[in-house]
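These are the residues of each chain, in order.
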Amino acid sequence: MWALYAREVKRFQKIWIDTVFNPIVTVGLYLGVFGVVTSGQQIGDLPYLTFVYTGLLAMLIINNSFSNPSFALVIAKNLGNIVDLQLAPIAPWRIGVAYAMAAFTRGVITLCIALLATVWFIPGLGLPEHPLYFIFALFLTGIEFGMLGVAFGFWAKNFEALTFMSTFVMQPMIFLAGVFYPVANLPSPWSTISLFNPVHHNINFFRYAFTGYSDISPIISLLVILGFSFVFFVAMQILTKKNIVLK
Amino acid sequence: MLLEVDILGMFPLRINNVSKIFKNSKGQEFKAVDGISLNIEPGKIYGLLGPNGAGKSTLINMISGLLLPNQGGIELFGLDVVKDSNKTKQLIGVVPQEIVVEMAFTVEEVLYYFSGMYGVPRHERKARIKAVLEDLDLADKMHERARNLSGGMKRRLMVAKAILHRPKLLILDEPTAGVDVSLRQRIWALIRRLNAEGTTILFTTHYLEEAEQLCEYIALVDHGHLIKSGKLKDIQQEFSKNSIHFELFDRTAAPLTGVSEVGVEYEYPITSDLATDMAKLTSHYNHNLKSIRSEAASLEHIFLKLTNSGLSS
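Parameters at a glance
Residues numbered from 1 in each chain as written. Chains lettered and ligands numbered in written order. Predicted model: local features only at pLDDT ≥ 70, side-chain atom pairs only at ≥ 80, totals over all residues. Helix = DSSP H or I, 4+ residues; strand = E, 2+ residues; numbered from the N terminus. Buried ≥ 20, exposed ≤ 12 C-beta atoms within 10 Å, placed from the backbone. Contact = placed C-beta atoms within 7 Å. Pairing = 2+ DSSP bridges. Axes fitted to C-alpha atoms, helices over the stretch in contact; angles between N-to-C directions.

Caption draft 1: Layout of the overall build of chain B. Of the regular secondary structure elements, chain B holds 10 helices and 14 strands. Within chain B, buried positions represent 42% of all 313 residues. Across chain B, every contact between residues at least 6 apart in sequence was considered, and the portion connecting residues at least 24 apart equals 71%.

Here is the structure:
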């Protein structure tokens, strides 16, 4: 399992311009735009730029953790080297976990580089307000969307299916999850509907851990994250087993 | 950790009444493998032969743990391939028919991570990789990206992946399909050497000459059924009984009564005794005779006879 994990980590390191630096440039561009447009605006006690910045960081982990295993698996299916996984003496659940951990690793590495590269542009942002929650937020978000990425990667038969899910499911969920605005400010029923969006809770919990600001109770967000992590874990196990041992 | 299994005295492979049914797009069932039973003894080279679509690859995929049988059971060294799949997968090395390589990695990286997945200890990996690549004449390509290798080199890389963890049973699905003559010879030499070191070999091939060169035992499969299996020499003797085989330069020559065509060869049943019938054929065909023999039948002859005659139906 560790060899598989190491291989998947090596894979994204091999194409680091695409996998690590591309998302960081995206965060930089968002910051540039929002920094100019929203200069001086506040959300509660929090500068709007800090609010958006922490949301973008959470989005970065989610996107990277999700796309790492999903694309690797769809590529493996298309090239045919999925057979390496099917022949290997590794239990299907270990294969899923190895991919999810590699996804988490990419999410964390990308986040660290992004922080180092961009935190200087956010005035007044220091160390996380709640360090323990911050570690939880990093770990849980990375693993949760890593597992979802594994499930999607095994589910998707081709790139079209994966792109469809990324574009029409994942991206809307991320963008409507409160990265750029507090969902509590949305008119009813959208503020209520947003609470059913799992991504909202990841962003909310991450932002709370970093800045102390939260749209809803961070404990509720934590419980929702744990609940969805369990659901994604089960989905990952079922789809991994189905694709490793063929009937 | 490498798996420790006591495999002494165990049959490397026991296939017991195995069937595999597939459904086509219209929902119709199709039996790709139908009630095959076969035992493979340790330290032998087995050839699994049969025409296209005979069920060879399906059988190999079930042995490798890629497909679940609908009926029957398969044991590798006494372990069930379904219940103990992680253990059985570690005991075998498989070279699939399709050439597939990692796009991003170098040859060394491909082998390093692959051997890790099979439990080869980290401190042993580099030395094993070096040795295997030297064996397969790929040592100078170690740091080359796998995707940049030629077709033959990629085929060798697939063999390297299958043997790095030193499997007890090596399964090769058409290992020399589409490779040039010199590489084929090199792969044959490697198969012989691995076998001499104690590895049991099972391979499928379309090249009957290859099976004749390498195999001590063969199993012939057609339409999902096992139609013949056993020691190649015994089977050849069985099919040579009471017949003379010969080839002609001019195939349009008038045939002698009793002569039948089997592939590129002709067969003549011995009616009185060998010397008299040989003389009869020699005098009839005279200078048109390209070759004549009464020893063991060629595998091609056996193959055609079994797959074209009543047995396949």
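There's more to say after this.
Caption draft 2: Structural view of the sheet that holds strand 3 (residues 45-49) of chain B. All names here are of chain B. Spatially, 6-7-8-3-9-10 is the arrangement adopted by the 6 strands of the open sheet, whose pairing is mixed. The open sheet is flanked by strand 6 (92-95) and strand 10 (225-231), the only strands paired with a single partner. Neighbour-to-neighbour, the strand axes of this sheet turn through a mean angle of 15°, independent of strand direction. When strand 9 (residues 217-222) meets strand 10, the two strands line up antiparallel, connected through 6 bridges. Bridging across to strand 10, Ile218 finds its partner in Gly230. Here helix 1 (residues 56-63) sits on the sheet and contacts strand 3, strand 7 (169-173), strand 8 (200-205) and strand 9; the angle it forms with strand 7, its principal contact strand, is near 145°. Across the sheet, helix 6 (residues 181-196) lies against strand 3, strand 7 and strand 8, angled at about 150° from strand 8, the strand it touches most.

Caption draft 3: Local environment of the sheet that holds strand 5 (residues 79-80) of chain B. Residue and element names in this part refer to chain B. Taken together, the 4 strands give an open sheet; going across it, the order is 2-1-4-5, and neighbouring strands pair in antiparallel fashion. Edge positions in the open sheet fall to strand 2 (29-40) and strand 5, since each of these has one partner strand only. By the bridge criterion, 5 bridges tie strand 1 (residues 13-23) to strand 4 (residues 71-76) in an arrangement that is antiparallel. Paired with Asn16 across the strands is Gly73, a residue of strand 4.

Caption draft 4: Spatial organisation of the interface of chain A and chain B. Contact residues are listed per partner, giving 22 residues for chain A and 21 residues for chain B. Those elements giving two or more residues to the side of chain A that touches chain B turn out to be helix 1 (2-14) and helix 4 (82-87) of chain A. Of the residues forming the side of chain A that touches chain B, the biggest block, 7 residues, is contributed by helix 1 of chain A.

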